[in-house]
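Chain by chain, the residues run as shown.
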Amino acid sequence: MAKPKATAIKSPGEHIGSDIKRTAWSSAAESVILMIIGLLFIICPDTIVKALSYIIGIFFIAKGMYSIIVYYMEKGQQDFFNNGLLSGIVSILIGVVAFALGENIANIFRIIIGIIIIYESLVRINTASKLSSVGVDTWRSVLLLALIMLVLGIFITFNTGAVVTLIGWIMIIAGIIGIVGDIVFIKHVNIVIDKLSKK
């Protein structure tokens, strides 16, 4: 009879390390996606904005129709919790509005992108704070890059006159800053893991 293979049990330090590395690489991937979307905004601003409004419109209309179909299929079974009809109608209305907005949806998208950049900058400010707490000297560089990112995010969010190509450039700059900050962190991640493991 074959003996079952012994599974290696990770130490708390290894768990912390894998979580930190996964978060760092995930953050870097988000910055790359931000840059790609920004590049599309520069290369074909009109096309990407129209495509965006159609994609959002189709998504919400399809979601709404699905919710209404499910509502009628499950009617009489779980009516107390079944809000499918209401959510379906609201989703369809959102989809229709997205279609109707067309190129004007850029203003909504500008605010969403701005909030995403602000969020990413706050995550990196928190990272700089953690690097400082474990004595990694480069925390100042990470903090400076995060603050620049924060300014860019605030600029996009509240600048109603920002054109699509400008938004694209800011997204690329914010993405580059994010990647540089993530590389700095990943470079010192083993020091962070080592110090956290000893705590």
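Source: prediction; values computed, not measured. (Residues numbered from 1 in each chain as written. Predicted model: local features only at pLDDT ≥ 70, side-chain atom pairs only at ≥ 80, totals over all residues. Heavy atoms only, no water.)

**Describing the pattern of salt bridges**
Condition: A pairing counts as a salt bridge when a side-chain nitrogen of Lys or Arg comes within 4 Å of a carboxyl oxygen of Asp or Glu. Where helices and strands are cited, they refer to DSSP runs of H or I of at least four residues and of E of at least two residues respectively, numbered from the N terminus. For every residue, the accessible area (1.4 Å probe, protein chains only) is compared with the maximum for its type, and the residue is labelled buried under 20%, exposed over 50%, or partly exposed between those bounds.
For the structure on display, the rule yields 2 salt bridges. Notably, a salt bridge pairs arginine 124 with glutamate 120, separated by 2.8 Å at the nearest N-O pair. Here arginine 124 and its partner glutamate 120 are both found in helix 4 (residues 105-133), 4 residues apart, which amounts to about one turn of the helix. As far as burial versus exposure is concerned, arginine 124 and glutamate 120 are alike and both buried. A single network of salt bridges, built from pairs that share partners, joins Glu120, Arg124 and Asp182.

**With respect to the packing of helix 2 (residues 45-73) against helix 3 (residues 84-101)**
Formally: To define axes, lines are fitted to C-alpha atoms, for helices over the stretch in contact only, and angles between the resulting N-to-C directions are given on a 0 to 180 degree scale. Oblique is the label for every angle not falling under 35 degrees (roughly parallel), over 145 degrees (roughly antiparallel), or within 65 to 115 degrees (roughly perpendicular). The sense of a crossing depends on the near helix, which, turned anticlockwise from the far helix by less than a right angle, makes the crossing left-handed and, turned clockwise, makes it right-handed. Charged residues are taken to be Asp, Glu, Lys and Arg, nonpolar residues to be Ala, Val, Leu, Ile, Met, Phe, Trp, Tyr, Cys and Pro, and polar residues to be all remaining types, Gly included.
Taken N-terminus to C-terminus, the directions of helix 2 and helix 3 make an angle of 160°; their axes are 7 Å apart at the nearest point. With respect to helix 3, the axis of helix 2 lies roughly antiparallel. Viewed along their axes, helix 2 and helix 3 form a crossing whose handedness is left-handed. Across the contact of helix 2 with helix 3, the residue classes tally to 16 nonpolar, 9 polar and 1 charged.

**A closer look at the environment of serine 31**
The line we're drawing: We call two residues in contact when some of their heavy atoms are within 4.5 Å. What qualifies as a polar contact is a pair of N or O atoms within 3.5 Å, subject to a donor-acceptor requirement within protein and to the restriction that residues adjacent in sequence count only when both atoms come from side chains.
Structurally, serine 31 is set in helix 1 (residues 12-43). Separated by 86 residues in sequence, serine 31 and isoleucine 117 have C-alpha atoms that sit 9.3 Å apart. If we skip the residues at most four places from it in the chain, serine 31 touches Arg124, Gly175, Gly178, Ile179 and Asp182. Within the structure, serine 31 has its side chain in polar contact with the side chain of arginine 124 (distance 3.0 Å).

**Concerning the environment of valine 180**
By secondary structure assignment, the location of valine 180 is in helix 6 (residues 164-187). Taking the relative accessible area as the measure of exposure, valine 180 reaches 38% and is therefore partly exposed. Sequence spacing of valine 180 and serine 31 is 149 residues, and the spatial spacing of their C-alpha atoms is 9.7 Å.

**Points about the packing of aromatic side chains**
What counts, and what does not: Here a Phe, Tyr or Trp ring, Trp counted by its six-membered ring, pairs with any other such ring whose centre lies within 6.5 Å, and the pair is stacked when the planes are under 30 degrees apart, edge-to-face when over 60, and tilted otherwise.
Under the criterion given, the structure shown has 3 aromatic pairs. Each ring, one from tyrosine 54 and one from phenylalanine 99, has its centre 5.6 Å from the other, and the planes form 35°; the classification is tilted. With a gap of 45 residues between them, tyrosine 54 in helix 2 and phenylalanine 99 in helix 3 connect regions that are remote in the sequence. In this structure tyrosine 54 comes out as partly exposed when scored by relative accessible area, which is 41%. Ring centres of tyrosine 71 and tyrosine 72 lie 5.1 Å apart, and the angle between their planes is 80°; on these two criteria the pair is classed as edge-to-face. Residue class for tyrosine 71 comes out buried when judged on its relative accessible area of 15%.

**As for helix 4**
For clarity, the cut-off: A helix is expected to reach a length of 1.5 Å times the quantity of its residues less one.
Across its 29 residues, helix 4 extends 42 Å between first and last C-alpha, which sits within 8% of the 42 Å expected from 1.5 Å per residue. Glycine 135, located one to two residues past helix 4, shows a positive phi value of around 80°.

That's the geometry; what it means functionally is another story.
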